[in-house]
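# Examination of the molecular architecture
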Amino acid sequence: MKNLHQSMIVAVDDMKINLELIKDVLGEEYEVLTTDNGQDALILIENKRPDLILLDIKMSDMDGYEVCRRLKNNPYTCNIPIIFLSGMSQLDDKEQGFELGAVDYLTKPFEIAELRARVKIHLNLKIYQERLENQNVVLEEQVQIRTKELEKAIQDLRDSSFEMIWRLTRIAEFRDDDTGSHILRMSYYSAIIARSLGLDQNKIEYLMNAAPLHDIGKIAIPDKILLKPGRLTAEECEVMKTHTTIGAKILENLRSKMIDMGREIALTHHEKWDGSGYPQGLKGEQIPLYGRIVAVADVFDALMSKRPYKEAYSLEESLQIIREDSGKHFDPEVVKAFFSSLDEIRAMETGSLFSDLNCQKILNLSVLQGRLFDQSHQHLSNP
Ligand SMILES: [Fe+2]
């Protein structure tokens with residue numbers, strides 16, 4: 001950063017004696033360049049970019065006002081402070097000088113001490129102004145760097161939360177669906193239905209990330225029940241049903257909003273609109289909306305999939321079951337939203353809509369694992 005005594009001054013006066021006087025007075029403290037005409041002054045000043053200009057007004061080739069005007073119109077020189085030094089002492093002369101952008105006006109013959117003092121003041125002002133501008137630039141750069149770092153940290157946190165949830169659900173799903181494709185599809189279906197219901201993007205994203213947790217409680221279901229190749233007995237069915245409460249237990253008391261949504265979904269995705277579901281027998285809107293959405297998405301995918309105890313239903317059969325269960329198993333509004341976005345849900349099977357709804361993360365994870373949309377899953381489970 002420049003200091004006062006590294007400042008450069010250009011003095012312009014057609015009287016050589018004045019230039020010599022200025023050099024004598026200021027030359028010891030500053031670098032002083034001189035010229036005796038306006039044309040040369042313009043070239044010198046643009047080339048050297050001094051910190052201050054001392055400018056005579058009455059000159060033969062071009063008067064000081066014109067020099068000032070041109071300097072102020074030149075983007076390279078417009079910010080250099082100009083002090084007029086002139087024998088013209090009328091108020092009008094001074095006014096014109098200030099109007100043209102001069103920072104000061106000294107009348108000749110000037111007091112040496114006054115010249116020194118004014119020059120020092122204006123050089124200091126310029127230095128402070130430059131420091132302030134530099135500081136602002138530095139601060140702005142720092143703010144931009146910090147903002148980018150913060151944005152990246154937030155994104156990393158979201159990505160790692162999502163990845164943790166995904167991996168957590170894989171632990172539970174792995175035993176009966178080693179492709180993970182069921183949770184992938186049902187999460188996406190849930191997001192599509194949520195969007196069709198008019199939920200905002202934030203909620204849709206939360207739902208899509210939380211829906212995979214719906215069956216996390218299956219981690220505690222014994223293999224002989226979870227993987228049983230055939231229908232469950234009533235007793236086994238009761239054990240299987242506990243995956244809802246166990247899932248909620250696993251996810252309770254965590255401060256993540258997304259995981260809390262997962263807890264709610266785990267607990268309520270087998271509740272039915274008519275109150276005949278489990279574990280609490282909730283009815284209608286007593287069932288949280290996210291649970292109602294996931295119920296449709298989960299059942300639709302289960303119907304379309306081959307299970308150890310059943311073949312896959314056709315699309316028509318699956319849709320018919322969803323339609324018939326509207327108002328019984330499912331919230332009619334959610335079913336309506338499901339049907340109104342059926343094209344999108346069907347397109348999901350080709351993977352063509354993944355650019356939307358922030359599904360890219362799911363896609364990436366799945367592709368990384370090399371198991372995207374493995375339609376040959378043989379081990380889809382009971383409830
Ligand atoms: Fe379930």
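Note that the structure is predicted; figures quoted are calculated from it, not measured.

### Notes on the overall build of the protein chain
If you tally the helices and strands in the protein chain, you get 16 helices and five strands. Taking all 383 residues of the protein chain together, 36% fall into the buried category.

### Some thoughts on unusual backbone geometry
Geometrically, the link from K108 to P109 is a cis peptide bond, its omega value of -5° lying close to zero. In this structure, P109 sits in the loop between β5 (104–107) and α5 (112–174). In the segment running from Y278 into P279, the intervening peptide bond is cis, with an omega of 5°. Within the secondary structure layout, P279 lies in the loop between α11 (257–268) and α12 (289–303). With a phi close to 45°, R49 is a non-glycine residue in the positive phi region. Within the secondary structure, R49 sits in the loop between α2 (38–48) and β3 (52–56).

### So, the confidence of the model for the protein chain
Confidence in the prediction for the protein chain averages 85 pLDDT; 88% of positions are at 70 or higher. Mean pLDDT across the secondary structure elements of the protein chain bottoms out at helix α16 (residues 360–368), with 43, and peaks at helix α14 (residues 332–340), with 97.

### Focus: the sheet that holds strand β4 (residues 82–86)
Each strand in a sheet pairs with another by means of backbone hydrogen bonds, the pair being arranged parallel or else antiparallel. The parallel open sheet is built from five strands, whose spatial order is β2-β1-β3-β4-β5. At either margin of the open sheet sits one strand with a lone partner, and together these are β2 (31–35) and β5. Sheet twist, expressed as the mean angle between neighbouring strand axes with direction ignored, is 20°. Together, β1 (8–12), β2 and β3 form the strand contacts of α2, whose direction differs from that of β1 by roughly 175°.

### Here's the deal with the nonpolar core
The biggest cluster of nonpolar side chains holds 43 residues, and the ones touching the most others in it are I193, L207, I293 and V296. Secondary structure elements with two or more residues in this core: α5, α6 (181–196), α7 (201–210), α10 (243–251), α11, α12 and α14. Top element by residues in this core is α6. It accounts for nine residues. Excluding its chain neighbours within four sequence positions, the residues that come into contact with I193 are I293, V296, A297, V334, A337, F338 and S341. In this structure, I9, Y30, I53 and I80 belong to the second largest nonpolar core, which totals 29 residues.

### Observations concerning the pairing of β2
The alternating pattern of β2 places V32 and T34 on a buried face and E31, L33 and T35 on a face that is not buried. Of the strand pairs in this sheet, β1 and β2 are connected by five bridges, and their pairing is parallel. Residue V12 lies in a different strand from β2, and its bridge partner there is T35. The handedness of the β1 to β2 crossover, carried by helix α1 (residues 16–26), is right-handed.

### Some points on the pairing of β5
The sheet contact formed by β4 and β5 spans four bridges and is parallel. Each residue of the ladder has a partner; that of I83, found in β5, is D104.

### A short note on α2
Residues G38, A41 and I45 constitute the buried set of α2. Relative to the axis of α2, the buried residues are bounded by an arc of 45° and lie together on one face. Within α2, the exposed residues directed more than 90 degrees away from the buried face are I43 and N47. Looking at the packing, one finds that the buried side of α2 touches β1, β2, β3 and α3 (64–73). Phi turns positive one or two residues past the end of α2, at R49, with a value near 45°.

### With respect to the packing of α11 against α12
The description of two helices packed together rests on the angle between their axes and the distance between the axes. Contact geometry for α11 and α12: axes closest at 8 Å, N-to-C directions at 60°. In terms of their interaxial angle, α11 and α12 are classed as oblique. The hand of the α11/α12 crossing is right-handed. Where α11 approaches α12, its residues M261, E264, I265 and T268 are matched on the opposing element by Y290, G291 and V294. Residue classes in the contact of α11 with α12 are distributed as four nonpolar, two polar and one charged.

### Some thoughts on the environment of R263
Structurally, R263 is set in helix α11. Placed 10 residues apart in sequence, R263 and N253 show a C-alpha to C-alpha distance of 9.4 Å. Not counting chain neighbours up to four residues away, the residues in contact with R263 comprise A248, L251 and E252.

### Concerning the environment of A194
The topology assignment puts A194 in helix α6. Judged by the 28 C-beta atoms lying within 10 Å of it, A194 is buried. Sequence separation between A194 and V334 is 140 residues, and the spatial gap between their C-alpha atoms is 8.4 Å. Sequence-distant contacts of A194, that is, excluding residues within four places in its chain, are made with L199, K203, I204, L207 and I293.

Parameters at a glance
Residues numbered from 1 in each chain as written. Predicted model: local features only at pLDDT ≥ 70, side-chain atom pairs only at ≥ 80, totals over all residues. Helix = DSSP H or I, 4+ residues; strand = E, 2+ residues; numbered from the N terminus. Buried ≥ 20, exposed ≤ 12 C-beta atoms within 10 Å, placed from the backbone. pLDDT = per-residue confidence, 0-100. Pairing = 2+ DSSP bridges. Axes fitted to C-alpha atoms, helices over the stretch in contact; angles between N-to-C directions. Contact = placed C-beta atoms within 7 Å. Core = buried A, V, L, I, M, F, W, Y, C linked by C-beta atoms within 7 Å. Right-handed = clockwise from strand over helix to strand, strands pointing away. Arc of directions from axis to C-beta. Parallel < 35°, antiparallel > 145°, perpendicular 65-115°, else oblique. Left-handed = near helix turned anticlockwise from the far one by under 90°. Nonpolar A, V, L, I, M, F, W, Y, C, P; charged D, E, K, R; others polar.

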